[in-house]
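A look at the structure
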Amino acid sequence: MRIDTLFVDKGGVLVDNRDDLAPQWRRLIGEFLSPRLGGTAAAWGDANVPAFHRQVERWQAAMRRGGPADIRGFFANDAPVWLRDMCDAMAIAPPPEADAVRLASETVSYIKAHLVVRVPRRGLDALRALRARGVVLHVASGDAHADLVDFLVHIGARELFDRVYGSDVVDTWKSGPDYYRAILDDSGVDPARAGVVDDSPKALSWAHDCGLRGFLVARRGSESFDDAVTRTVTEVASAL
């Protein structure tokens, strides 16, 4: 059956997961926080390493709990915890709660505005060609909705996508078939007429369980990231 809707992941599809963005994050964190809270920029970057690992652990624990999630609340409440963890590592008194929430948000906004991200330009052009042929494109990612929108604006691709599904939009972690069931329910899309582009075989197996057709972004040999994405989107075009 013809595919007329495509759900597109972010990491590994719209941005190269092999790029090590961590050094940029550490540098930009230091640039932003050092003049505001004291300490050296390099020390703030170092403080982010354990703080980030603890943040990932909290995220994974929340996914394992399952059930009703309030994912939007989780993302909002976790940001000042991340900032306080860095302050503790710096032996700097953290700002009051309201200021911590604001400063954590401003820090992330600064990073996103200055981050240099390598994106698959020809792959994006191939997605534009699909859209021109009438295929509806949605983002289907585990990230927060606001972060995804900021990323799409940053790379000049927001206009490509109709709905931008982060886990918080459907209040379902991207950790099993329930995520795809949730976005199908929300969008009203017929899974028999839809596909998913992702770099995770596990994610595509969850999508398949929901009746969606999967298209895997996987490099062949020395193939570039852009080549792999473009080739995969071309496979989608052949299914139209």
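Above this text sits the structure in question.
So, here is what we can say about the structure in this document. (Residues numbered from 1 in each chain as written. Predicted model: local features only at pLDDT ≥ 70, side-chain atom pairs only at ≥ 80, totals over all residues. Heavy atoms only, no water.)

Some points on helix α1 (residues 22-37)
The condition is simple: Helix and strand definitions follow DSSP, with helices as H or I runs of at least four residues and strands as E runs of at least two, each counted in order from the N terminus. For a helix, the expected span equals 1.5 Å multiplied by the residue count minus one. Only protein chains enter the area calculation, which uses a 1.4 Å probe; residues under 20% of their type maximum are buried, those over 50% are exposed, and those in between are partly exposed. The contact criterion used throughout is that any non-hydrogen atoms of two residues lie within 4.5 Å.
Across its 16 residues, α1 extends 21 Å between first and last C-alpha, which sits within 8% of the 22 Å expected from 1.5 Å per residue. Among the residues of α1, those classed as buried are Gln24, Leu28, Ile29, Gly30, Phe32, Leu33 and Ser34. Those residues of α1 hidden inside the fold are in contact with α2 (41-65), α3 (71-90) and α4 (97-114). One or two residues past the end of α1 sits Gly38, with phi positive at roughly 95°.

Looking at the sheet that holds strand β2 (residues 136-140)
Neighbouring strands of a sheet are bound in pairs by backbone hydrogen bonds; such pairs are parallel or else antiparallel. Rules: Two strands qualify as a pair provided DSSP detects at least 2 bridges between them.
Read across the sheet, five strands follow the order β3-β2-β1-β4-β5 without closing on themselves; strand pairing throughout is parallel. Where the open sheet ends on each side, the last strands, each with one partner, are β3 (164-165) and β5 (213-216).

What to know about the pairing of β5
Sheet topology note: the strand β4 (residues 194-198)/β5 ladder contains four bridges and is parallel. Looking at β5, one finds that Val197 is bridged to Phe215.

What to know about the nonpolar core
What counts here: Side-chain atoms within 4.5 Å link the members of a nonpolar core, which is a set of buried Ala, Val, Leu, Ile, Met, Phe, Trp, Tyr and Cys residues.
Of all hydrophobic cores here, the largest spans 52 residues; its most connected members are Leu6, Leu14, Met86, Leu127 and Phe161. In this structure, Leu6 is in contact with Leu127, Leu130, Val135, Val136, Leu137, His138, Gly195, Val196, Val197 and Val236, ignoring residues within four places of it in sequence. Judged by nonpolar contacts, the second largest core, of 18 residues, contains Tyr179, Ala203, Trp206 and Leu212.

Quick notes on the packing of helix α5 (residues 121-132) against helix α10 (residues 225-238)
We apply this condition: The angle between two axes is taken between their N-to-C directions and runs from 0 to 180 degrees, where each axis is a line fitted to C-alpha atoms and a helix contributes only its stretch in contact. Each angle receives one of four descriptions, namely roughly parallel if under 35 degrees, roughly antiparallel if over 145, roughly perpendicular if within 65 to 115, and oblique otherwise. By the definition used in this description, the sense in which the near helix is turned from the far one sets the handedness, with an anticlockwise turn below a right angle giving left-handed and a clockwise turn giving right-handed.
The interhelical angle for the contact between α5 and α10, taken along N-to-C directions, is 15°, at an axis separation of 7 Å. One element, α5, and the other, α10, form an angle in the roughly parallel class. In this structure, the crossing between α5 and α10 has a hand that is left-handed. On α10, the residues touching Arg121, Arg122, Gly123, Ala126, Leu127 and Leu130 of α5 are Asp226, Asp227, Val229, Thr230, Val233, Val236 and Ala237.

Describing α2
Worth spelling out the cut-off: Bend at a given residue is defined as the angle between two axes, one fitted to the seven residues that end at that position and one fitted to the seven that begin there.
With 25 residues, α2 should cover 36 Å at 1.5 Å per step; its first-to-last C-alpha distance of 36 Å lies within 8% of that length. The sharpest bend along α2 measures roughly 30° and falls at Val49, with the proline Pro50 sitting one to four residues further on. Residues of α2 that are buried include every one of Trp44, Gly45, Ala47, Asn48, Ala51 and Ala62, and no others. Looking at the packing, one finds that the buried side of α2 touches α1 and α3.

A word on the pattern of salt bridges
What counts is decided by this rule: Any Lys or Arg side-chain nitrogen found within 4 Å of a carboxyl oxygen on Asp or Glu counts as a salt bridge.
Applying the stated rule across the entire model yields 25 salt bridges. Notably, a salt bridge pairs Lys174 with Asp9, separated by 3.1 Å at the nearest N-O pair. Remark: Asp9 occurs in the loop between β1 (5-8) and α1 and Lys174 occurs in the loop between α7 (167-170) and α8 (177-187); sequence separation between them is 165 residues. Across the pair Asp85 and Arg54 runs a salt bridge, and its minimum N-O distance is 3.2 Å. Of this pair, Asp85 sits in helix α3 while Arg54 is found in helix α2, placing the two residues 31 residues apart along the sequence.

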